[in-house]
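# Summary of structural features
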Amino acid sequence: MAEPRVDKKKKRVVVIGGGVAGSLLCKTLQKHRHFDFTLIDSKEYFEVTWARLRSMVEPSFAKRSVINHHEYLQGASIITSDANGIEDNEVSTTEGRLISYDYLVIATGHMGSKCVTKPEKLREYEADNEKIKSSESILIIGGGPTGVELAAEIAVDFPTKKVKLVHKGSRLLEFIDEKGSKKVLDWLTLKKVEVILGQSVALTSSSDDGTYKTSEGETIMADCYFKCTSDPIGSSWLKETSLKDSLNDSGRLMVDANFRVKGFDNIFAIGDITDVAELKQGYLAQKHALVVAKNLELLINGSDGGNMVKYTPGSPTAIVSLGRREALLQVWCVTSIGRVPETCLHITDTICILKPFIRSSSIFVHAISHQRIEVNEMSSTKDALESIDKRRKIADQLINQLDEQLVECKEEMKRLPHSPADQEAVIAHAKILLGHKKNVPRTNLHTKQPSIEPTSSGIRFPKS
C-alpha cells in the first residue's frame, strides 16, 4: 500500500506510538512548517493515562480523558495500525504499509488495552464499572501504583465494598521510600482495605467460582478481581528490526542525552521505552517529547548535532493519587500524604508540567489527584472567598507538615555522600520546590493564578 502523501520539500518525521510522549511530540511538530509528520498508533485515540483508574469508578470521566487523535491533530497523517518493521529508513505496518522517514521517533511505551476506537474504550470502562458496582468483595492483584490507586478509588467511591489487595513484595509502592510506603499502607487500612504483602495469586480456572489461592496457601473469596501488575514494555516487535542491538536486557531502547537511539543518528526514542534512569511517569515523558521536538528543529535547520538539547533525568518526584481528593507526594526525601491543595501544582516546574486536560471552561481535571476544581461555578463572591480561605487553610496545614519534614530531610542528607555545600544546595532546592523560599511571601501560594486555559478541542499541551 502506498505511503501517505507528503510534501517532498519538508523533512519526513514518523512517530510510532500515540501515548503521552508521542502525542505531545506530534502536537508540537504540527506547529513547525518544516516538518511533515506521520503518527502510527495501534489505536485511534490518545488517553490521559493517569485518569484510567478514575474512569473505572466514574465512566463519564473517560469521555473527557479519551480523545481521538484527529481532534487535536487536525489534518495530520495518522495511521491506525501496529508497526512491525524498521529497515532502510522505512517503517512497515501490520496492514502492509511502508512509510519512509528522514527522522523516526519511537514512543511505544508499555503494551496496554486492545481497544482500537474510543467507543470501544468507553464500553470497556462501563463494563469495569458495572463489575465493581455488582460486586460486594473485590480482589486487587498488585501493589504498585495501579493497584494502590484502584484500591483507593474503589474505597473512596464505594466505601461499603470489601477490598483486598495482594502484593508479592514486602511493601507497597517499592519505587518510593519506606516512609511513603508505610503512609500509603496506613491510609488504605484506615479506608478498610485489607492489604496482604509477600504473597502472589495464581489465576486458574478454579478462580471462576470466586475462590483464589495465594502462594502461601491462603484462600481468598471475592466476587471479582482486577490484575494490576505491570504491562510489558512495547518493544518486543523491535527484536526483529535493525534496532535489535539497541535494546538492553530489560527490553528498553538505549538512548543518549539527546534521546538518539544507540547506533543511529536519525532515530530517537522517548517515554517509558527508553533506558533513562528515572521513574517512568507521564510528566517526564512529556519532557522527553519537548526535548526531541527541539532537537529535530535544530537538525532540520542545519545543525550538525553538536548543539542539541541534552536531557537531565528528572528529580525523584512521585505523585500517587488516592481517590478523588487525596494523594501521596514525595519530593526528594520529603513525603506528604493527604488532601493536596491545587496551589501545589504551581510551585515548581516539576509539578507544573502535569498539565490538565479540560472538559469545558468550568471543569479542570488535574493529574495530581484527579480532583475537579469548579472555578466558574461559584454562586457568589462570598462563596468564592470562602472557598479560597478553605484552600488557604489546607495549604497552611501542608506547609506546617513540610516544615517538620524538612528538619528530617536535613538529617537524612547528612548521611549521603555529598559535601556540605551540596547538602545545602539540595535543601535549598527542596525549600523552593515546597514554596519555602524566604523572599516569597507565603500568601503567594494562595494568590497565584493557575496557568491553565480552556480550549475548544478540550485538550491543552505544555508550550514548547
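For the structure itself, look to the data block above.
Residues numbered from 1 in each chain as written. Predicted model: local features only at pLDDT ≥ 70, side-chain atom pairs only at ≥ 80, totals over all residues. Heavy atoms only, no water.

Moving on, we get to the sheet that holds strand β14 (residues 211-214). The antiparallel open sheet is built from three strands, whose spatial order is β13-β14-β15. Each edge of the open sheet is held by one strand with a lone partner, namely β13 (201-202) and β15 (219-221). (Pairing = 2+ DSSP bridges. Helix = DSSP H or I, 4+ residues; strand = E, 2+ residues; numbered from the N terminus.)

Burial of helix α1 (residues 20-29) is extensive: nine of the 10 residues sit out of reach of the surface. Regarding α1, the residues found buried are V20, A21, G22, S23, L24, L25, C26, T28 and L29. (Buried < 20%, exposed > 50% of the residue type's maximum accessible area, 1.4 Å probe, protein only.)

Another point: the pattern of salt bridges. Within this structure, the stated rule accounts for 13 salt bridges. A salt bridge links E58 to R324; the shortest N-O distance between them is 3.0 Å. In this pair, E58 is assigned in the loop between α2 (52-57) and α3 (62-65) and R324 in the loop between β18 (317-322) and β19 (326-331), connecting sequence segments 266 residues apart. Judged by relative accessible area, E58 falls into the buried class, the value being 11%. Using a relative accessible area of 25% as the deciding quantity, one classes R324 as partly exposed. (Salt bridge = Lys/Arg side-chain N within 4 Å of Asp/Glu carboxyl O.)

Mapped onto the elements, T317 comes out in strand β18. Take T317: its relative accessible area is 3%, and that puts it in the buried class.

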